[in-house]
Amino acid sequence: MSTSRRFQVARHALTLDGEPFQVLSGAMHYFRTLPQQWPDRLAKLRAMGLNTVETYVPWNLHEPRPGEFTFTGLADLEGFLTAAAEAGLYAIVRPGPYICAEWENGGIPAWLEFRHRCHDPRWLEPVDRWFDELIPRIAAHQAGRGGNVLMVQVENEYGSYGDDHVYLRHLAGGLVRRGIEAPLFTSDGSWDLMVTGGTVPEIYATANFGSDPAGHLAEFARHRDDPEFCMEFWNGWFDHWGETHHTRDPDEVAKLLDELLTRGASVNLYMAHGGTNFGFMAGANAGGEQADGRYEPTVTSYDYDAPISEHGEPTPKFWAYREVLGRHTTLPPEPSREPAPTLPAREIACDARLSLLDCLDVLSTGTVRGALPRTFEELGQSYGLAVYRAHVPGPRAEERPLTVAGLHDRAHVLVDGVLRGTLERDGVTSLPLSTPERGADVTLIVEAMGRVNYGPIQGESKGVTGGVRHERQYVFGWEIDPVPLDSVEDLPWGRETGAAGPSFHRATLHVDEVMDGFLALPGWGKGYVWVNGFNLGRYWSRGPQVTLYLPWPLLRRGANELVVLELDEPPADPRVEIRAAPDLGESR
């Protein structure tokens, strides 16, 4: 797409070069699929009958530390836009600064510790600095400049969070000043709270929903007289740990899609291809009607029951959608219906073990000492683990509760080197403790799971946020080792080890031909897996997800190193399995 095109929001229609244009879009996030796989996934979006791809931009991926920007690898937004153009797709870009997306902290960097998403200058200054880096890169790919970007979003579902129209106008003005000429838009739920809080008259407004198109669009039209566009047609859903796997009937959602397109509305399938929450980037939700209740962490897979699966295969939903889209547009040739080959199933024994506590000299970024336990953010750490140590005086013959207040999110407790229990946010957060005359040494190994990505408690801290008490008495005098787990390449395999608590395990996967696989850990508890140094994400016996997707670009012919960090208890004979097909859990 090298010819300049003019995309506009007219009074009652979207137009491209003056002609009515129905946007047939599907969401695919570049940061959830390895770059080597982008061309395949984008070609399948086009083959389904779509003419556009939509993506968010996660700020925390691109600016992991203040002033340090990255736009390579999974963060190569411009490479993705170029690949989309080569696949014959226009693009919609949603730069935030907040994205939700079931992504860690809604895409906002963990190092921003004050009230988000309003016109407070302490928030606007880092946002403006980030947009100075980001927006010119998007502007260079606009359709009006020979690229493929048709539209750019202002914030994201802002009506679900706030009503600061000064803030929305600041963002919109900043996009224009930095070179965005393409139409701007907002997207929100269709009911009055969302629309009145999240939209302003001068910016095109779109709606998000997953059912009853006529009802939602009629409700939206009570407030806005804009060309109809469902910016997030929720054709599937995401999963939380401890729940069942979400699926939707393909024929049901295909019928709803046909209803939308028949009335002339534009649509963006959320998701068309979901991908994976690699590493520590899976977010979390808070339950309850007002999204401020029980903590609900999201699984590693972002398959989303999308028409193109996590591992890139067309699903029955793909073929149902293609049939519907064929009634409204000219279809490209259909892709192959033959599934791609996968690694042969096998078991692999682990050949080495190393206690986490026995290698803090390698893993810690430096011991921090102080009166109080510090949060991850105070330690300058975004993800991973932190090891907290303190001494509780004695003698205290009677068992009294040792309580970790504001635990975010899970802790293994050792007393004098002996594992005494596991504490968990919104669950058990204390255990009984007595001490001998010399007192007792307490160690907390705290895991940060995903930060809440939606609702009023988004922007939370991790670690020990409320102090530690023995009965009513606060415990002071802490040593803390931050363990961000940015890399496991320097683990001292072969070192004598025996400490209790979380442990690393190593295995070697031999590959004759590089192809996708699916990794399972039956009998293990909870932890993380690295393949050749790349963090695949979390596993947890709580389910529903059973297998982790292992993309072919991470592998090489010959020996491949697998590293498992088991936080709970490994099986007596630790082994990992390669399976030929995914298992995302029991569906409902």
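Described in the following lines is the structure provided in the data block.

How each quantity is defined
Residues numbered from 1 in each chain as written. Predicted model: local features only at pLDDT ≥ 70, side-chain atom pairs only at ≥ 80, totals over all residues. Heavy atoms only, no water. Buried < 20%, exposed > 50% of the residue type's maximum accessible area, 1.4 Å probe, protein only. Helix = DSSP H or I, 4+ residues; strand = E, 2+ residues; numbered from the N terminus. Pairing = 2+ DSSP bridges. 1 Å grid on protein atoms, 1.4 Å probe; cavity = no way out; pocket = protein on both sides within 12 Å on 5 of 7 lines; lining within 4 Å. Points joined across faces, edges and corners; volume = space filled by probe spheres on them. Nonpolar A, V, L, I, M, F, W, Y, C, P; charged D, E, K, R; others polar. Axes fitted to C-alpha atoms, helices over the stretch in contact; angles between N-to-C directions. Parallel < 35°, antiparallel > 145°, perpendicular 65-115°, else oblique. Contact = heavy atoms within 4.5 Å. Salt bridge = Lys/Arg side-chain N within 4 Å of Asp/Glu carboxyl O. Polar contact = N/O pair within 3.5 Å; in protein donor to acceptor, adjacent residues only side chain to side chain.

For a regular strand, side-chain orientation follows a simple rule: the groups alternate between the two sheet faces. Judged by how many residues are buried, strand S23 (residues 440-447) sits mostly within the fold: 7 of 8 residues are covered. Here 8 bridges tie strand S17 (residues 385-392) to S23, and the two strands are oriented antiparallel to one another. Bridge pairing in S23 places Val392 opposite Ala440. Alignment of strand S20 (residues 410-415) against S23, held across 6 bridges, turns out to be antiparallel. Opposite Val413, over in S23, you have Leu444 as the bridge partner.

Looking now at empty space enclosed by the protein. Evaluated as defined, the whole model comprises 1 cavity of 30 Å³ or more. Across the lining of the largest cavity, the residue classes tally to 5 nonpolar, 3 polar and 2 charged.

On to the packing of helix H1 (residues 38-48) against helix H9 (residues 316-325). Where H1 contacts H9, the axes come no closer than 8 Å and their chain directions differ by 45°. Overall, the two elements H1 and H9 adopt an arrangement that is oblique. When H1 is examined against H9, the residues Lys44, Ala47 and Met48 are found in contact with a partner set consisting of Phe318, Tyr321, Arg322 and Leu325.

Turning our attention to the pattern of salt bridges. A complete count under the given rule lists 47 salt bridges for this structure. A salt bridge links Arg224 to Asp226; the nearest nitrogen and oxygen atoms lie 3.1 Å apart. The class for Arg224 is buried, based on a relative accessible area of 10%. Taking relative accessible area as the criterion, Asp226 reaches 23% and is therefore assigned partly exposed. Within the structure, one salt-bridge network assembled from shared partners comprises Arg369, Arg389, Glu479 and Asp481.

Attention now goes to the environment of Pro183. Tracing the chain through its elements places Pro183 in the loop between helix H5 (165-177) and strand S8 (184-188). With 176 residues separating them in the primary sequence, Pro183 and Phe7 have C-alpha atoms 7.5 Å apart. Setting aside its immediate chain neighbours within four residues, Pro183 contacts Phe7, Gln8, Val9, Leu150, Met151 and Val152.

Along the polypeptide, Phe518 turns up in strand S29 (residues 517-520). Separated by 223 residues in the primary sequence, Phe518 and Tyr295 have C-alpha atoms spaced 28 Å apart. Residues within four places of Phe518 in sequence aside, it is in contact with His311, Thr342, Thr547, Leu548, Tyr549, Leu550, Glu577, Ile578, Arg579, Ala580, Ala581 and Pro582.

Structurally, the position occupied by Gln545 is in the loop between strand S31 (534-540) and strand S32 (547-550). Within the structure, the side chain of Gln545 is placed 3.2 Å from the backbone nitrogen of Thr300, a separation counted as a polar contact. Polar side-chain contacts of Gln545 include one of 2.9 Å to the backbone nitrogen of Ser301. Filtering out sequence-adjacent residues up to four positions away, Gln545 remains in contact with Trp241, Val299, Thr300, Ser301, Trp540, Asp583 and Leu584.

Quick look at the sheet that holds strand S2 (residues 14-16) now. Within a beta sheet, neighbouring strands are joined by backbone hydrogen bonds and run either parallel or antiparallel to one another. Ordered in space as S1-S2-S3, the 3 strands form an open sheet in which the pairing is antiparallel. The sheet is open, and its two edges are formed by strand S1 (7-9) and strand S3 (19-20), each paired on a single side. Inspection of the sheet shows S2 paired to S3 by 2 bridges, in the antiparallel sense. Looking across to S3, one finds that Thr15 is bridged to Pro20.

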